[in-house]
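Here is what each chain is made of, one letter per residue.
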Amino acid sequence: MNIYPNAYFNKIENITIEFLKKNKIKALLLDVDNTLVDYSKKMTKEVKTWVKDLKGQGVKMYILSNTNDKDKIMKVANELEIKYHIFAMKPLKKGFKKCQKELGEKSENIAIIGDQIFTDIIGGNRCNMFTILVEPLDKKDFWYTAWKRPLENKIKNKIKGENDVL
C-alpha cells in the first residue's frame, strides 16, 4: 500500500496549470473538507479563482467527498459549477472509479487533491491516479479525522525532508 503522494503543496491554489500539464493531468478529483472549504464551511476567494482559472484552461473537475452531508457538498458544487459524488468511502476504489468514468479520462490523467493521506492519497494511489497532498485549510478537524493527523504529520515530515514543498 503506497501512502506517499506524487506531489505535496502548501495550498491548493499553488497547483498551476503548468504543473498539471507537465504531469499530463487533464482532470482533478477534489476533496472538500479542509481542502476546498475550512471547518466552518467557508471557501476563500483564492480557491474560487483557482477553480475558475483551471476550468478556463480546460481542466475537468469533480468533487469526491466522504461526507454524507449532501447540502454542504451541493452548495460547494453549485458555487464552483462542478459535479460531485458524496459518501465516496475513500480509500475504497468505487467512488474514484465512478468519477473516472464520468470524466472520461484514463486514471493516469487524473489527479486527486486532498488533505488526508489515509483517504485521498491511498485511494488515488490504489486507482493509479496522480496524488496531490495539500495542507489542511484549518487546524481544527472533525473527530473522525483528528485521530489520524499525528501519523499523517510524521509521514508529511518525511516528505518535506525529501522534497521541496511547493
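This text follows the structure it describes.
Throughout what follows, the structure given in this document is the object of discussion. Predicted model only: the values in this text are computed from it and were never measured. Starting afresh in each chain, residues are numbered from 1 along the sequence in its written order. Totals for whole chains, interfaces and linings use all residues, but because this is a predicted model, local features are given only for residues with pLDDT of at least 70 and pairs of side-chain atoms are given and counted only at 80 or more. To get the side-chain values, all heavy atoms of the structure are used, and hydrogens and water are removed first.

**Points about the overall build of the protein**
Numbered from the N terminus, helices here are DSSP runs of H or I no shorter than four residues, and strands are runs of E no shorter than two. Secondary structure assignment for the protein yields seven helices and six strands. The classification of residues rests on relative accessible area computed with a 1.4 Å probe and restricted to protein chains. Under 20% of the type maximum is buried, over 50% is exposed, and intermediate values are partly exposed. Across the 166 residues in the protein, those meeting the buried criterion constitute 49%. We call two residues in contact whenever any of their non-hydrogen atoms come within 4.5 Å of each other. In the protein, once contacts between residues fewer than 6 apart in sequence are set aside, the share between residues at least 24 apart is 69%. Of the roughly 8900 Å² of accessible surface on the protein, 52% is carried by carbon and sulfur atoms. Under the convention used here, a 1.4 Å probe and the Shrake-Rupley method define accessible areas, while residue burial counts only the protein chains that appear.

**Notes on the packing of aromatic side chains**
Only Phe, Tyr and Trp rings take part, Trp by its six-membered ring, and two of them pair if their centres are within 6.5 Å. Stacked means planes under 30 degrees apart, edge-to-face means over 60, and tilted covers everything else. If you walk through the whole model with that rule in mind, you get two aromatic pairs. For the pair F9 and F19, a centre-to-centre distance of 5.0 Å together with 85° between the ring planes defines the contact as edge-to-face. With F9 in strand 1 (residues 7-9) and F19 in helix 1 (residues 17-22), this residue pair connects regions lying ten residues apart in the sequence. Judged by relative accessible area, which is 2%, F9 ranks as buried. Given a relative accessible area of 14%, F19 falls into the buried group. Ring geometry for F19 and F130: centres 6.0 Å apart, planes at 65°, overall edge-to-face. Here F19 is found in helix 1, whereas its partner F130 is found in strand 6 (residues 130-134), with 111 residues between them in sequence. According to the relative accessible area criterion, F130 is buried, its value standing at 13%.

**Observations regarding helix 4 (residues 93-103)**
By the burial criterion, the buried members of helix 4 are G95, F96, C99, Q100 and L103. Down the axis of helix 4, the sector holding all buried residues measures 135°, keeping them to one side. Those residues of helix 4 that are exposed and angled more than 90 degrees off the buried face are K94 and K101. Summarising the contacts, the buried residues of helix 4 are in contact with strand 2 (27-30), strand 3 (60-64), strand 4 (83-85), strand 5 (110-114) and helix 5 (117-126). A positive phi of about 70° marks G104, the residue just after helix 4. Directions from the helix axis toward the C-beta atoms define the arc.

**Observations regarding the pairing of strand 6**
Counted residue by residue, strand 6 has five buried out of five residues, so it is predominantly covered. Judged by which residues are buried, strand 6 turns out to be covered on both faces: F130, I132 and V134 on one side and T131 and L133 on the other are all buried. DSSP calls a pair of strands paired once it identifies at least 2 bridges connecting them. Sheet analysis places strand 1 next to strand 6, joined by three bridges and oriented parallel. The partner of F9 across the bridge, within strand 6, is V134. Across four bridges, strand 5 lies against strand 6 in parallel orientation. Note on strand 6: the bridge partner recorded for A111 is F130.

Everything listed here is a matter of coordinates, which is why it stays silent on function.
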